[in-house]
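# An overview of the molecular structure
Here is what each chain is made of, one letter per residue.
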Amino acid sequence: MHRRSSPRLVVYAALAGNIAVAVTKLVAAAITGSAAMFSEAIHSVVDCGNEGLLLYGYHRATPRPDLVHPLGFGRELYFWSFIVALLLFALGAGVSLYQGVRHVIAPEPVEYVLVSYVVLGLSFLFESASWIVAWRTFAKIRGSLGFWTAFRQSKDPPAFMVLFEDSAALVGLSIAAAGIAAADMLEMPILDGVASILIGLVLAVTAVLLAIESKSLLIGERATPSLVDAICRIAQEQQGVMHANSALTAQLAPDQAMVALSIEFDNALRTEQIEACVAEIERRVQLTHPEVVALFVKPQTVEQFERGRKRRFGQFALPASPAIAHSARGGSSR
């Protein structure tokens, strides 16, 4: 099955950059004894593991469906994305907060401050390069949508996870540099620990945001409304279809969706004619929307569909698209 490569390439780029940054920071933390530098090193190590898990999630999401998993393994990516968010919170934020508190309670002077500045400067350059790649990829995906709206509607966690991690890394590097500089110039080692605590808080907030969105995808979100409208229009164009009512969808992976389509057929159609109509709808949907990996068609009148939708969603039931609403009022010529 074809899969978009851009988000995966972003993960590879972030992994390569984080490996180099992590090694550099660990060496610098050992030399300088800086809590903020050690927190940054742990952050980069966690990021390396996170990118590895995201790539593993991509790999696990690709096998063909089997009898036990008839809709495939696409949500493996969402599961591992959720694990990444938990690790960022537990390891990244947790270790940074622990190191910060420990150095606040028992402050130790930062040694070889110049080494810290050099390492932080190089790390900022590496992280900036990765951030630019992640931002450009996410910008292509979100199109004209606002950043927050695109984040909430995105179905591809790595596309925004790498961007959030790199953004948190850049903020963390800035905090670490400020903390080390303040601790050195003011001769207050406690400020190095304070910087580590702030880095931990940045990572915690980032992890919570990523966990909330990954959980929503893992539980099961609908596909984009535009997909529903497009499929209903395809069905409405078929001879013998009176009303394409709407569709119930579920996003299985970034490029995999399940669609259950409700259609009212002409009562004059025979069984074989309905079967031929459904087959043509399936053919056209697969041709124009290959991301639909499972399409189910349920024959029912508009009234039956509306009653079922209200039973299922209650007050949250949304009206059909304008085109479908028009056909439901008798706008179809068939």
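This text follows the structure it describes.
Let me begin by describing the structure that accompanies this report. (Residues numbered from 1 in each chain as written. Predicted model: local features only at pLDDT ≥ 70, side-chain atom pairs only at ≥ 80, totals over all residues. Heavy atoms only, no water.)

## As for the nonpolar core
Counting 45 residues, the largest nonpolar core has Met 37, Phe 160, Met 161, Ile 180 and Leu 210 as its most contacted members. For this core, the secondary structure elements donating two or more residues are α1 (6–32), α2 (35–60), α3 (76–105), α4 (113–142), α5 (147–153), α6 (157–185) and α7 (190–219). By residue number, the principal contributor to this core is α6, which donates 10 residues. If we skip the residues at most four places from it in the chain, Met 37 touches Lys 25, Ala 28, Ala 29, Thr 32, Ser 116, Val 119, Leu 120 and Ile 180. With 21 residues, the next largest nonpolar core counts Ile 231, Ala 244, Ala 247 and Cys 277 among its residues. (Core = buried A, V, L, I, M, F, W, Y, C linked by side-chain atoms within 4.5 Å. Buried < 20%, exposed > 50% of the residue type's maximum accessible area, 1.4 Å probe, protein only. Helix = DSSP H or I, 4+ residues; strand = E, 2+ residues; numbered from the N terminus. Contact = heavy atoms within 4.5 Å.)

## Quick notes on the packing of aromatic side chains
The description of an aromatic ring pair rests on the distance of the ring centres and on the angle between the ring planes. According to the stated counting rule, one finds 9 aromatic pairs in the structure shown. Relative to Phe 160, the ring of Phe 151 lies with its centre 5.0 Å away and its plane at 90°, an arrangement referred to as edge-to-face. Assigned by exposure class, Phe 151 and Phe 160 land together as buried. These aromatic residues form a ring-pair network of at least three members: Trp 131, Trp 135, Phe 138, Phe 147, Trp 148, Phe 151, Phe 160 and Phe 164. The side chain of Arg 60 reaches across the aromatic face of Phe 73, ending 5.9 Å from its centre. (Phe/Tyr/Trp six-rings, centres within 6.5 Å; stacked < 30°, edge-to-face > 60°. Lys NZ or Arg CZ within 6 Å of the ring centre and 35° of its normal.)

## A look at the sheet that holds strand β2 (residues 256–265)
Taken in spatial order, the 3 strands line up as β1-β2-β3 in an open sheet, and their pairing is mixed. Two strands bound the open sheet, and with one partner strand each, they are β1 (241–253) and β3 (292–299). In this sheet, adjacent strand axes meet at a mean angle of 20° when their direction is disregarded. Both β1 and β2 contribute to a ladder of 10 bridges, which runs antiparallel. Residue Gln 251 lies in a different strand from β2, and its bridge partner there is Ala 257. Seen against the sheet, helix α8 (residues 225–236) touches β1, β2 and β3 and runs at an angle of roughly 145° to β1. (Pairing = 2+ DSSP bridges. Axes fitted to C-alpha atoms, helices over the stretch in contact; angles between N-to-C directions.)

## Brief notes about α2
Because each turn of an α-helix spans 3.6 residues, side chains separated by three or four positions in sequence point in the same direction. With 26 residues, α2 extends 37 Å between its outermost C-alpha atoms, agreeing within 8% with the 38 Å of an ideal straight helix rising 1.5 Å per residue. Burial of α2 is extensive: 19 of the 26 residues sit out of reach of the surface. (Expected span 1.5 Å × (residues − 1).)

## Quick word on the pairing of β3
Pairing geometry for β2 and β3, over 7 bridges, is parallel. Bridge pairing in β3 places Ile 263 opposite Pro 299. At this point the chain moves from β2, through helix α9 (residues 271–288), to the parallel β3, and the crossover so formed is right-handed. (Right-handed = clockwise from strand over helix to strand, strands pointing away.)

## Here we look at the packing of α2 against α6
Here α2 crosses α6 at 175°, and the two axes come no closer than 10 Å. Between α2 and α6, the crossing angle belongs to the class labelled roughly antiparallel. The residues of α6 that touch α2, namely those facing Ala 36, Met 37, Glu 40, His 43, Asp 47, Asn 50, Glu 51, Leu 54 and Tyr 58, are Pro 158, Met 161, Val 162, Glu 165, Ala 168, Ala 169, Gly 172, Leu 173, Ala 176 and Ile 180. Partitioned by chemical class, the residues of the contact of α2 with α6 number 12 nonpolar, 3 polar and 4 charged. (Parallel < 35°, antiparallel > 145°, perpendicular 65-115°, else oblique. Nonpolar A, V, L, I, M, F, W, Y, C, P; charged D, E, K, R; others polar.)

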